[in-house]
Amino acid sequence: MKKIINVHRSDDPEIYRCIGCSPHNPIGLKLEFWDDDNCIISKWNPRREFEGWVEVLHGGIQATLLDEIAAWVVYTKCKTAGVTAELKVKYKRPVFTNQGEILIKGRLVEMNKRLAFIHAQLFNSENQLCAEADIKYVIFSEEVARTKYYYPGIDAFYE
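Please read these numbers as outputs of a predicted model, since none were measured by experiment.

(A) Geometry of the overall build of the protein. Along the backbone of the protein there are two helices and nine strands. Along its sequence from the N terminus, the protein presents helices and strands in the succession β-β-β-β-β-α-β-β-β-β-α. C-alpha atoms of the protein, sized along the principal axes, occupy 45 × 35 × 30 Å. Looking at the protein as a whole, 42% of its 159 residues qualify as buried. In the protein, 61% of the contacts between residues at least 6 apart in sequence involve partners at least 24 apart. Accessible area of the protein: about 8700 Å², with a carbon and sulfur share of 49%.

(B) Representation of the environment of Met111 in the model. Within the secondary structure, Met111 is located in strand E7 (residues 102-111). Separated by 85 residues in sequence, Met111 and Pro26 place their C-alpha atoms 34 Å apart.

(C) The arrangement of the pairing of strand E9 (residues 129-139) in detail. Bridge count between strand E6 (residues 82-91) and E9: nine bridges; the pairing is antiparallel. Across the sheet, residue Lys88 finds its bridge partner in E9, namely Asp134. As defined by bridge partners, strand E8 (residues 115-123) adjoins E9 across nine bridges and the pair is classed as antiparallel. If you follow Phe117 over to E9, its bridge partner there is Lys136.

(D) Fine view of the side chain of Gln62. Here Gln62 lies in helix H1 (residues 59-78). The class of Gln62 is buried, set by a relative accessible area of 3%. Within the structure, the side chain of Gln62 is placed 3.0 Å from the backbone oxygen of Leu57, a separation counted as a polar contact. Excluding residues within four positions of it along the chain, Gln62 makes contact with Leu57, Tyr91, Val95, Leu122 and Ala131.

(E) Geometry of the sheet that holds strand E2 (residues 33-35). Spatially, seven strands are ordered E1-E2-E3-E7-E8-E9-E6 in an open sheet, and the strand pairing comes out antiparallel. Across the chains shown, the open sheet's two edge strands, defined by having one partner strand only, are strand E1 (2-4) and E6. Averaged over all neighbouring strand pairs, the angle between strand axes comes to 25°, with direction disregarded.

The rules we used
- Residues numbered from 1 in each chain as written.
- Predicted model: local features only at pLDDT ≥ 70, side-chain atom pairs only at ≥ 80, totals over all residues.
- Heavy atoms only, no water.
- Helix = DSSP H or I, 4+ residues; strand = E, 2+ residues; numbered from the N terminus.
- Buried < 20%, exposed > 50% of the residue type's maximum accessible area, 1.4 Å probe, protein only.
- Contact = heavy atoms within 4.5 Å.
- Areas by Shrake-Rupley, 256 points an atom, 1.4 Å probe, with all protein chains shown as cover.
- Pairing = 2+ DSSP bridges.
- Polar contact = N/O pair within 3.5 Å; in protein donor to acceptor, adjacent residues only side chain to side chain.
- Axes fitted to C-alpha atoms, helices over the stretch in contact; angles between N-to-C directions.

Structure, rendered in structure tokens:
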């Protein structure tokens, strides 16, 4: 398993404020990512400030986690940048904020010139599937990704 370098982490904290992966956003999730060959993974410890109900992680935060892992699948597996076109989440069981670290996985299912289809899953600390999503991303040519969306090229994500 290879650690993925957050290519934006050293960017100006006033510009790079992604709610999912920026280390500069004081209310962000601050996710980090690893490449496990056929999927991208992240581990995260839910905090009480992200609750929807008492000790239950808000469904919108779960959707954000699934969408964020998909973005990093686009970066690393599609080798470009993109934007979410569709996010279909299925909530299977509650995710509790007091039961430890959760695991998020994303894998590329299919890709063509304009679209990437990604499947993402969220597991609780007992490795039970709690939520999953099918996500469609509009992807850009590498040239457009580099010039308009700060995509540095695939090599920048790995040592």
